[in-house]
Amino acid sequence: VVFRELVWGLLKEYQQKRLTIFLDPYSDPLGAGYQFIQSIYAVGSGGFFGKGIKAGDLTQGQFVPEQHTDFIFSAIGEEYGLLGAFIALALFTVLLFNLIKIAGSSNSSFVSLLAVGTFSMFFFHIFVNIGMNLSVMPITGVPLPFISYGGSAMLVNIFLIALVLLSARREKLFN
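Residues numbered from 1 in each chain as written. Predicted model: local features only at pLDDT ≥ 70, side-chain atom pairs only at ≥ 80, totals over all residues. Heavy atoms only, no water.

## Remarks on the overall build of the protein chain
Link 1 in the chain: Across its full length, the protein chain holds 7 helices and 0 strands.
Link 2 in the chain: Taken along the three principal axes of its C-alpha coordinates, the protein chain extends 55 × 50 × 25 Å.
Link 3 in the chain: A burial count over the protein chain gives 36% of its 175 residues as buried.
Link 4 in the chain: Considering only contacts in the protein chain between residues 6 or more positions apart, those separated by 24 or more positions represent 57%.
Link 5 in the chain: Summed over all atoms, the accessible surface of the protein chain reaches about 10,600 Å², with 69% contributed by carbon and sulfur. (Helix = DSSP H or I, 4+ residues; strand = E, 2+ residues; numbered from the N terminus. Buried < 20%, exposed > 50% of the residue type's maximum accessible area, 1.4 Å probe, protein only. Contact = heavy atoms within 4.5 Å. Areas by Shrake-Rupley, 256 points an atom, 1.4 Å probe, with all protein chains shown as cover.)

Structure follows, in structure tokens:
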């Protein structure tokens, strides 16, 4: 109990609020908990096949804040449904699997570490972004790779994939 109070006292007010809202978003449903609640509703309202492109009530009505960046997965869930969300996860799984495959088959420490580092970054971003869209992680502002709006994140993602692929090709891991 003393440790918990000590750690809580070290956090800034906005950090305490973020953790409090993460644990109970309905404690402030029109304020800090609004994003959590609307994101869950958007993902759930999509059903299995979704409502269609640009047909989501919550995403098109701007009820989900920052849906083009932080909450893009909730827009996918509403407009493309469970099927669309599953396809997005499947594509991310293929990407991550290939990064691990490159890391495991490489004879170069540089290529292996580059592939594992890229895998780690993508896995973390995917896990945290989807987790915060489903209210199992606190809201942090981590983009969903290759999907979230933002030039600098997209540029870094493309650069890393190109670097891994060029390094692997130079080592002749694939044709």
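Here the narrative resumes.
## Overview of the packing of helix H5 (residues 72-105) against helix H7 (residues 151-170)
Link 1 in the chain: Where H5 meets H7, the axes come as close as 11 Å, and the angle between the chain directions of the two elements is 40°. Relative to H7, H5 is oriented oblique. The crossing of H5 and H7 is left-handed. Packed against H5, whose contacting residues are Leu95, Leu99 and Ile102, the element H7 presents Ile161, Val164, Leu165 and Ala168 at the interface.
Link 2 in the chain: Its residues assigned to classes, the contact of H5 with H7 comprises 7 nonpolar, no polar and no charged. (Axes fitted to C-alpha atoms, helices over the stretch in contact; angles between N-to-C directions. Parallel < 35°, antiparallel > 145°, perpendicular 65-115°, else oblique. Left-handed = near helix turned anticlockwise from the far one by under 90°. Nonpolar A, V, L, I, M, F, W, Y, C, P; charged D, E, K, R; others polar.)

## Observations concerning the packing of aromatic side chains
Link 1 in the chain: Tallying each qualifying case throughout the model produces 5 aromatic pairs.
Link 2 in the chain: On the basis of an interplanar angle of 90° and a centroid distance of 4.7 Å, the ring pair of phenylalanine 48 and phenylalanine 49 is categorised as edge-to-face.
Link 3 in the chain: Ring centres of phenylalanine 122 and phenylalanine 146 lie 5.5 Å apart, and the angle between their planes is 45°; on these two criteria the pair is classed as tilted. Of this pair, phenylalanine 122 sits in helix H6 (residues 109-133) while phenylalanine 146 sits in the loop between H6 and H7; the two residues are 24 residues apart in sequence, bridging distant segments of the chain.
Link 4 in the chain: Classification of phenylalanine 122 by relative accessible area gives buried; the value is 0%.
Link 5 in the chain: What makes phenylalanine 146 partly exposed here is its relative accessible area of 33%. (Phe/Tyr/Trp six-rings, centres within 6.5 Å; stacked < 30°, edge-to-face > 60°.)

Nothing here speaks to function; it is all geometry.
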